[in-house]
Amino acid sequence: MYKLVICDDEGKISLVPFIRDEVTIGRKAGNAIRLTDRNVSRYHARLFRDQSDNFFVVSLSRAARTKVENRDVGLDPHPVQPGEQIYIGDYKISFRDDAISHAPKKDPDAVKVTEKIGKVLPVARLIMLQGPTPGREYPLEANLYVIGRSTEANLNIDDASISRAHARMDGDDNRWTISDLDSINGIQVNGSKKDDYLLKSGDIIELGTVHFRFVSAGEPYTWHPPKPQKSSGAAGRERNLRPLWLTLAALLLLALFLTLHFYIRPARRQAMALADTTERLSQAKRLLDNGRHAMSELNWEEASRLFAQAQMLQPTDETAKDLKKKANMEVVAHAALSASLEAEALLNWQGAIDEMVKVPPTSYYYDLERTRKLADKLCEDLLYKADFMITSESPGAREVLDQLGAVPEISDGCRAHRNRLLDILHSAEP
């Protein structure tokens, strides 16, 4: 049976059986798979399979993007292979045949131990080398594991250096991949930082201060606790050499102090400051990229929030400052356009124009043609009103024509008609 594996931005995993030939994915109720984040469209994508069990995905939204790995998905069917990631908003979705996870599990205790070779298991495993329980083994018998401190993680490690959802492990037969879930301390494999990595037997995985050894299925390995070092030497000789050892120890401590004071501690502080600066730059770049993506989806409030966070990380960077200013301008402009549309629906042409003039010319919502059409509507009403007052010799016609003179973007015809009525008023005055 095929299953959909849905992972949100906090690392929470949901498994959904794929029992239909077609499912729709979106934020609105009625979709087969409902994803509630606001960066998911109401009807976002459609996933289906043909009679040969080939899977395809189609985008249903023009505003929001759907991607397979790093490839954009359009309105035409896009093939998806098992294990490939489908990106919808902040969600990662993949599908897999879970027949392997429902097969009878092999007894991990029924293992083969060959003298001077080590323990052999029929499944891959993680062995804790350093952490809360050194030597503990974790047989990898399912297809998917989330490693974390949260009780919802199916490979739970109770250690303060582990994030609640720290890493994800995907397995297919004996191929296992480990991926970082935006954890605080990240992942290191054999001493190098990794985001995604295909594991090999013998790799050392570091998650914070917890270290594991990855052992492939069928590979022999038995963990042994490190042996304490033995001390040797005769007691009488030790007593005779004690003054000399004390002198040497004092000299070593002095040398160590001088080294720490004049070199190691400043160098360490410099390295820590450099690492902190690099991390801040990386976080700021990620926030700027996310903010630009929010702007492309016209989500100005979210973009402004992200740019403000980036500016806090890099106060001297003009890019974050300018982008935040642009996003804030569009927030105001969008509110003005919405108010103008409401006034227009009530035939309040003056109110609609007053809101439209609040939209700057550099805004996405600036619409000069619409402002001119609203001005024509207001001109028509005011000219009719002034003409009626002049014909019926009612007072107030000049005030109406003065109000019309203050309307922006009036047409030449409107201005000419207004001037004719002003001439009529002037000739009628004593």
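Residues numbered from 1 in each chain as written. Predicted model: local features only at pLDDT ≥ 70, side-chain atom pairs only at ≥ 80, totals over all residues. Heavy atoms only, no water.

## Some remarks on the overall build of the chain
(1) Moving on: For the chain, the helix and strand inventory stands at seven helices and 24 strands.
(2) Moving on: Counting over 430 residues, the chain shows a buried share of 36%.
(3) Moving on: For the chain, long-range pairs separated by at least 24 residues make up 43% of all intrachain contacts whose partners lie at least 6 apart in sequence. (Helix = DSSP H or I, 4+ residues; strand = E, 2+ residues; numbered from the N terminus. Buried < 20%, exposed > 50% of the residue type's maximum accessible area, 1.4 Å probe, protein only. Contact = heavy atoms within 4.5 Å.)

## Details of the confidence of the model for the chain
When pLDDT is low, close inspection of the predicted coordinates is not appropriate.
(1) Moving on: Mean pLDDT over the chain stands at 83; residues scoring 70 or higher make up 86%.
(2) Moving on: Counted against residues more than four places away or in other chains, residues 99-116, with its pLDDT under 50, gives 19 contacts. (pLDDT = per-residue confidence, 0-100.)

## A short note on the nonpolar core
(1) Moving on: Core analysis: the biggest nonpolar cluster contains 43 residues, and Phe307, Leu383, Leu401, Leu404 and Val407 have the highest contact counts within it.
(2) Moving on: Examining the composition of this core, we find that nine residues originate from one element, helix α5 (residues 368-391), more than from any other.
(3) Moving on: Formed by 23 residues, the second largest nonpolar core is a distinct cluster that contains Tyr138, Leu140, Met169 and Tyr197. (Core = buried A, V, L, I, M, F, W, Y, C linked by side-chain atoms within 4.5 Å.)

## Concerning helix α4 (residues 349-356)
(1) Moving on: For α4, the buried fraction is high: six of the eight residues fall into the buried class.
(2) Moving on: Taken together, the buried positions of α4 are Trp349, Gly351, Ala352, Ile353, Glu355 and Met356.
(3) Moving on: In this structure, the buried side of α4 is in contact with α3 (318-345) and α5.

## Remarks on helix α2 (residues 300-313)
Since the α-helix advances by 3.6 residues per turn, residues separated by three or four positions end up pointing in the same direction.
(1) Moving on: Between the first and last C-alpha of α2 there are 20 Å, a value that for 14 residues agrees with the 20 Å anticipated at 1.5 Å per step.
(2) Moving on: Buried residues of α2: Trp300, Glu302, Ala303, Ser304, Leu306, Phe307, Ala310, Gln311 and Leu313, and no others. (Expected span 1.5 Å × (residues − 1).)

## Observations regarding the environment of Ala375
(1) Moving on: Topologically, Ala375 is positioned in helix α5.
(2) Moving on: Spatially, the C-alpha atoms of Ala375 and Trp349 are 7.4 Å apart, while their sequence positions differ by 26 residues.
(3) Moving on: Not counting residues up to four positions away in its chain, the partners in contact with Ala375 are Ile353, Val407, Pro408, Glu409 and Ile410.

## A look at the packing of aromatic side chains
To describe a pair of aromatic rings, you give the distance between the ring centres and the angle between the ring planes.
(1) Moving on: With the rule as written, the count across this model stands at six aromatic pairs.
(2) Moving on: Between Phe48 and Phe56, the ring centres sit 5.5 Å apart and the planes meet at 20°, which makes this aromatic pair stacked.
(3) Moving on: By relative accessible area, Phe48 is classed as buried at 16%.
(4) Moving on: Considering the side-chain rings of Trp300 and Tyr364, the 6.4 Å spacing of their centres and the 50° angle between planes classify their relative orientation as tilted. Taken together, the residues Trp300 in helix α2 and Tyr364 in the loop between α4 and α5 connect sequence positions 64 residues apart.
(5) Moving on: Overall, the relative accessible area of 5% leaves Trp300 in the buried class. (Phe/Tyr/Trp six-rings, centres within 6.5 Å; stacked < 30°, edge-to-face > 60°.)

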